[in-house]
Amino acid sequence: MSRLSRIVFFVVSLFVFVLNAQEKPSLPYYLPQDVTYNASIPTPESVIGHEVGKWHVTHDKLVMYMKTLAKSSDRITIEDRGKTFEDRPLLLLTITSPQNHQNIENIRKEHVSLTETSGQNKDVSTMPIVVYQGFSIHGNEASGSNAALLLAYYLAAAEGTQIDNLLANTVILLDPSFNPDGLQRFASWVNVHKSKHLISDPQDREFDEAWPRGRTNHYWFDMNRDWLPVQLPESRARIKSFHQWMPNILTDHHEMGSNATFFFQPGIPSRTHPLTPQMNQDLTKEIATYHAKAFDKIGSLYYTEESFDDFYYGKGSTFPDINGSIGILFEQGSARGHLQESENGLVSFPFAIRNQFTAALSTLEAAKNMRTSILRYQQQFYKDAKNESSKLATQAYVFGDEKDAAKTYHLAEMLKRHNIKIHELKNDFTIAGKAYKKGRSYIVPKQQRQSRLIKAIFETRTKFQDSLFYDISAWTLPLAFNLSHTDLSSLSNAGDEVTTLSTPTGTVKGNGKYAFVFEWNEYYAPKALAKIRAKGLRAKVAMKPFILEGVRYDYGTIMIPVQNQKLNAQEIRQFLANVAKESHLNITAVSSGLTEGIDLGSNNFNAINQPKIAMIVGDGINSYDAGEIWHLFDQRYEIPLTKLDTRRLERMNLSKYTHIILPNTNSLSPTHTGKLKTWVKNGGTLIGYRNAARYLNSKNFISLDIKKTGIDAKNVSFEQKGDHRGAQVIGGAIFNTKIDRSHPINFGYLNDELPMFRNTTVFINPNEKSYNNPIQYTDKPLLSGYISEENLEHLKNSVPFQTSRMGSGRIIVFTDNTNFRAFWYGTNKLLMNAIFFSNMM
């Protein structure tokens, strides 16, 4: 063949291949053809208006089809479990045989009993297995939710002994969209950029989503990190379903880079959490043989045990492992649109959907064939957990904060969402120098069904088999909440079990008409102050402690004088009563300004200005960090926060804002830099997070002594270079700091130490003046998690916070994320202090 002929042949072959890749997808492409299908069951196309894979399904059409299917099939019931932040429904389909549906509640109870003492010796030979199949928790990994259309149709319409046997022995909980808001956002993007003749060039706009992209939910959270913290409505719905059913297998369908193939677990064996039983991994590996067989049949490339891990229990594929279930991660090389070039050829959206659907079916095949061994594993998991907990040297944990009922409540709330039993205190008591008060503390017995999960939540761990982590290496929740906590040798201080957890109440106490005061310790104190200032009432903050009417008030106490306000005394009291109730704190009406210490009219009470706050978002800004801040202001504290997009920043009038928050970023444009400098010099306060500290230092906003880091790569092979670099990453660990509570940045903190979360390698040497280092890492800072020895040396005695003047304004930097994933309650107040008290620093 001549060179010209070869070129022509190649072009024609490529043209034919592209044509095939762009062929209209059809059900026979996806579905097994060795079964018949009930013609009375509506196909996806008949409801959503297009064949699966031609367009990315929008969430509204997904919901429409699932509801239609449930009405058409006696194999399916559908449940609406709540709404997302954007008011989209959170659906769950229960799919099993009609006979099982008639007895579904008894089946559920019998199944859950396997995790309880009453069911530890039950015969499982005739019990159905329960499989929870969930899709597209990252909204722009959409082949999963599109495959859910096919899976639901197949389970409703397929006929024959094979499907009858499957449904008779399996209860399938089908969660078609873990992330409705993200799925909708992504579908809108790729659909509006789809060409009639598909464009596969990776540089096409279709594959370049606008910030913040569709991966996340409404507040830009990665919801596949929220299975354990349960801070988001989508998570709360699925965790409730999980604990209602205690499924044996939970699958989590994702996508990865377009040049990858298909991954299924097990992951890298050395990166499995030590609390996960080996049998869990053995069963996962056996299930993997079913995936391999199915992918071999259709010719799709795949791999296993070479990526990802099973360490952090806040992920969908790992959370089940600490609950007696088997979590399985699927990762499909993504088209990220409709058709994209890759190292493995053209990746079409229908191809990705078919792989996801194939993995869903192979999971069910494995579940059916391994049913009794997996049921027995779940049974044995809880039997072993009970035996372990009965041999523990200590019997319980106690946690609390004597001055912060709300923060304590939120940890208790989280535990209750995981069906963990907690108890009130009989009475106040002190142990190991820590005071625990009834109503502001709870006791968690270790001998209960969820004993292993309790250990995973409360333990600290600093020794690891591997130095590489796919996600964080520590999440000790009492430390995240900055709550006192202690091991108890007995339950002698435990009162009644808490069956109904109520939010802390707030009220106005006292009959004085001189002023109103409340301490800054309570979690929702910033919410109260924001409402007070928004009402136009003057408020001041105490720079020193004082004693008034027999009560000691700490640094940061807020005082609202009665005199010279826009409301009279009775109106102020009525307003503050509502504020106290909504903010879950107590406000005291006092009758005199004379105190032991600073009097209420002292110059040591500083006026608090009404802040007008903005945050820079958009290209170049870490959307996770920005979303956490937005959520904190909007959902927790109800404080208005204007989002300034980098695309328009140079044209915006910044003079209307008192504070601008700059989330994690590496750089801004020279124009933006100059504009921000002018704004700060004219009196603004700029608050930078994480790598923004480097940027602000490099552009002379602030002078920081940032340590130079790095480690020589000696005796490291080419094969090991990735691991060598990865070992220097701080993926997420907890470190101890000592704090100066007299500094305004630390107002509201009870103790002289503060646990902080860190996932950066920005290390700042302390200022030469000690009072400029109000937060400083200790010389033994590691509390829990992994950090290399080299980075630990850098971290010792470094500072995570610095502030300095710039013209008439101020720069504030945090090297650490004080708002991490919405569950790091313990350091949220640092940002609020930077807002309300910046002019006092």
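An account of the accompanying structure is given in this report.

What counts as what
Each chain carries its own residue numbering, running from 1 in the direction its sequence is written. Local features are withheld for residues below a pLDDT of 70 in this predicted model, meaning they are given only at 70 or higher, and side-chain atom pairs are given and counted only at 80 or more; totals for whole chains, interfaces and linings count all residues. Processing note: side-chain calculations cover all non-hydrogen atoms of the structure and skip hydrogens and water entirely. In this text, helices come from DSSP runs of H or I with a minimum length of four residues, and strands from runs of E with a minimum of two, each type numbered from the N-terminal end. Atoms counted for the radius of gyration: C-alpha only. Globule rule: 2.2 Å times residue count to the power 0.38. Each residue gets one of three labels from its accessible area relative to the maximum for its type: buried under 20%, exposed over 50%, partly exposed in between, using a 1.4 Å probe on protein chains only. The contact criterion used throughout is that any non-hydrogen atoms of two residues lie within 4.5 Å. Note on areas: Shrake-Rupley with a 1.4 Å probe; residue coverage comes only from the protein chains shown. In summary, the charge assignment counts Lys and Arg as positive and Asp and Glu as negative, without counting His or the chain termini. Charge placement uses NZ in Lys and CZ in Arg. For Asp and Glu, CG and CD serve respectively. DSSP bridges decide pairing: two strands pair if at least two such bridges lie between them. A fitted line through C-alpha atoms represents every axis, and for helices the fit uses only the stretch in contact; the resulting angles, taken between N-to-C directions, go from 0 to 180 degrees. Under the convention used throughout, the expected extent of a helix is 1.5 Å for every residue step, that is, one less than its residue count. Throughout, nonpolar core names a set of buried Ala, Val, Leu, Ile, Met, Phe, Trp, Tyr and Cys residues whose side chains join them through atoms within 4.5 Å. Salt bridge, as used here, is a side-chain nitrogen of Lys or Arg placed within 4 Å of a carboxyl oxygen of Asp or Glu. Think of it as the arc spanned by the lines of direction from the helix axis to the C-beta atoms. The aromatic pairing rule takes the rings of Phe, Tyr and Trp, using the six-membered ring of Trp, and pairs them if the centres are within 6.5 Å, calling planes under 30 degrees apart stacked, those over 60 edge-to-face and the rest tilted.

1. Let's talk about the overall build of the protein
Next, step 1: Counting secondary structure elements, the protein contains 24 helices and 36 strands.
Next, step 2: For 841 residues, the compact-globule estimate of 2.2 N^0.38 gives 28 Å, and the protein sits close to it at 29 Å.
Next, step 3: Along the three orthogonal principal directions, the C-alpha set of the protein runs to about 90 × 70 × 60 Å.
Next, step 4: Evaluated residue by residue, the protein yields a buried proportion of 61% over its 841 residues.
Next, step 5: The long-range share in the protein, meaning contacts at least 24 apart out of those at least 6 apart in sequence, stands at 79%.
Next, step 6: Accessible surface for the protein amounts to roughly 32900 Å². Of this, 47% is attributable to carbon and sulfur atoms.
Next, step 7: The distance from the centre of the 94 positive side-chain charges to the centre of the 83 negative ones in the protein is 5 Å.

2. Section: the sheet that holds strand β8 (residues 262-264)
Next, step 1: If you walk across this open sheet you meet the seven strands as β2-β3-β6-β4-β7-β9-β8, and the pairing is mixed. Each of the sheet's edge strands pairs with one partner strand only, and the pair in question is β2 (76-83) and β8. For this sheet the average axis-to-axis angle between neighbouring strands, irrespective of direction, equals 20°.
Next, step 2: Summarising the sheet, strand β4 (residues 129-135) and strand β6 (residues 170-175) pair through six bridges and their orientation is parallel. Within β6, the position partnered with Tyr132 by the bridge is Leu173.
Next, step 3: With respect to the sheet, helix α7 (residues 143-157) is in contact with β2, β3 (89-95), β4, β6, β7 (249-256) and β9 (326-333), its orientation differing from that of β4 by roughly 140°.
Next, step 4: Against the sheet, helix α11 (residues 278-298) makes contact with β7, β8 and β9, and its axis sits at roughly 35° relative to β9, the strand it touches most.

3. Description of helix α20 (residues 670-681)
Three or four residues apart is the spacing at which side chains of an α-helix point the same way, because the helix has 3.6 residues per turn.
Next, step 1: For α20, which comprises twelve residues, the first-to-last C-alpha distance of 17 Å matches the rise-based estimate of 16 Å (1.5 Å per residue) to within 8%.
Next, step 2: At the exit of α20 stands Gly683, carrying a positive phi of roughly 125°.

4. Section: the environment of Phe823
Next, step 1: If you trace the backbone, Phe823 turns up in the loop between β36 (809-814) and α24 (828-836).
Next, step 2: Through-space distance from the C-alpha of Phe823 to that of Ala480 is 7.0 Å; in sequence the pair is 343 residues apart.

5. Digging into the pairing of β6
Next, step 1: Most of β6 is tucked away, with six of its six residues classed as buried.
Next, step 2: Of the two faces of β6, both are covered, the one formed by Thr170, Ile172 and Leu174 as well as the one formed by Val171, Leu173 and Asp175.

6. Some words on the pairing of β7
Next, step 1: With eight of eight residues buried, β7 lies mostly within the body of the structure.
Next, step 2: Side-chain alternation along β7 places Ile249, Thr251, His253 and Glu255 on one buried face and Leu250, Asp252, His254 and Met256 on a second face that is also buried.
Next, step 3: One ladder, built from five bridges, connects β4 with β7; its direction is parallel. If you follow Gly134 over to β7, its bridge partner there is Asp252.
Next, step 4: Bridge analysis of β7 against β9 gives eight bridges, and the strand direction is parallel. Bridged to Leu250 within β9 is Gly327.

7. As for the nonpolar core
Next, step 1: Core analysis: the biggest nonpolar cluster contains 231 residues, and Leu155, Phe518, Ile558, Phe633, Ile660, Ile661 and Leu831 have the highest contact counts within it.
Next, step 2: The element best represented in this core is α7, accounting for eleven residues.
Next, step 3: Leaving out residues up to four positions away in the same chain, Leu155 has contacts with Arg75, Ile95, Ile163, Leu166, Leu167, Ile172 and Leu364.
Next, step 4: Residues Ala515, Leu548, Tyr553 and Met559 belong to the second largest nonpolar core, which totals eleven residues.

8. A look at the sheet that holds strand β34 (residues 775-784)
Strand-to-strand pairing in sheets goes through backbone hydrogen bonds, with the strands running parallel or antiparallel.
Next, step 1: The strand order across the open sheet formed by three strands is β33-β32-β34, and the pairing between neighbours is antiparallel. The sheet is open, and its two borders are formed by β33 (753-758) and β34, each paired with just one other strand. Taken pair by pair, the neighbouring strands of this sheet meet at an average axis angle of 35°, ignoring direction.

9. Things to note about the pattern of salt bridges
Next, step 1: Inspection of the entire model under this criterion finds 32 salt bridges.
Next, step 2: Of the charged contacts, one joins Glu305 and Lys285 as a salt bridge, the two residues approaching to 3.7 Å between their closest N and O atoms. Of the two residues, Glu305 is situated in the loop between α11 and β9 and Lys285 in helix α11; the sequence distance between them amounts to 20 residues.
Next, step 3: A relative accessible area of 46% places Lys285 in the partly exposed class.

10. Overview of the environment of Pro561
Next, step 1: Relative to the helices and strands, Pro561 resides in strand β24 (residues 558-561).
Next, step 2: Overall, Pro561 belongs to the buried group, its relative accessible area being 15%.
Next, step 3: For the pair Pro561 and Gly593, spaced 32 residues apart in the sequence, the C-alpha separation amounts to 9.4 Å.
Next, step 4: Dropping the residues within four chain positions of it, Pro561 is found in contact with Tyr514, Ala515, Arg538 and Ile572.

11. Comments concerning helix α8 (residues 161-168)
Next, step 1: Of all the residues in α8, the buried ones are Ile163, Leu166 and Leu167. Here the buried residues of α8 occupy an arc of 90° about the axis, which is enough to place them on one side.
Next, step 2: Those residues of α8 that are buried lie in contact with β3, α5 (98-101), α7, β5 (158-159), β6 and α12 (349-369).

12. Focus: the side chain of Thr476
Next, step 1: Position of Thr476 relative to the elements: it lies in the loop between α15 (451-458) and α16 (477-480).
Next, step 2: Residue class for Thr476 comes out buried when judged on its relative accessible area of 1%.
Next, step 3: The contacts of Thr476, once residues within four sequence positions are left out, are Ile457, Phe458, Glu459, Thr460, Ile734 and Ser784.

13. Some points on the environment of Leu27
Next, step 1: Here Leu27 shows up in helix α2 (residues 27-30).
Next, step 2: On the accessibility criterion, Leu27 (14% relative accessible area) is buried.
Next, step 3: Along the backbone, Leu27 and Tyr302 are 275 residues apart, and their C-alpha atoms lie at a distance of 23 Å.
Next, step 4: Not counting chain neighbours up to four residues away, the residues in contact with Leu27 comprise Gln33, Thr43, Glu51, Leu150 and Tyr153.

14. As for the packing of aromatic side chains
Next, step 1: The tally for this structure, following the rule as stated, stands at 54 aromatic pairs.
Next, step 2: Judged by centre distance (6.0 Å) and plane angle (45°), the rings of Tyr695 and Phe701 are tilted. As far as the burial class goes, Tyr695 and Phe701 line up, both buried.
Next, step 3: Connected via pairs of aromatic rings, a cluster forms that spans Phe311, Tyr312, Tyr313, Phe464, Phe469, Trp475 and Tyr786.

15. With respect to unusual backbone geometry
Next, step 1: With an omega of 5°, the peptide bond between Trp211 and Pro212 qualifies as cis.
Next, step 2: Inspection of the secondary structure assignment puts Pro212 in the loop between α9 (180-192) and α10 (233-245).
Next, step 3: Here Gln265 and Pro266 are connected by a cis peptide whose omega angle stands at 20°.
Next, step 4: Within the element layout of this structure, Pro266 appears in the loop between β8 and α11.
Next, step 5: Despite not being glycine, Glu549 shows a phi value in the positive range, around 50°.
Next, step 6: Positionally, Glu549 belongs in the loop between β22 (546-548) and β23 (551-553).
Next, step 7: Here Glu549 falls in the partly exposed class, since its relative accessible area comes to 47%.

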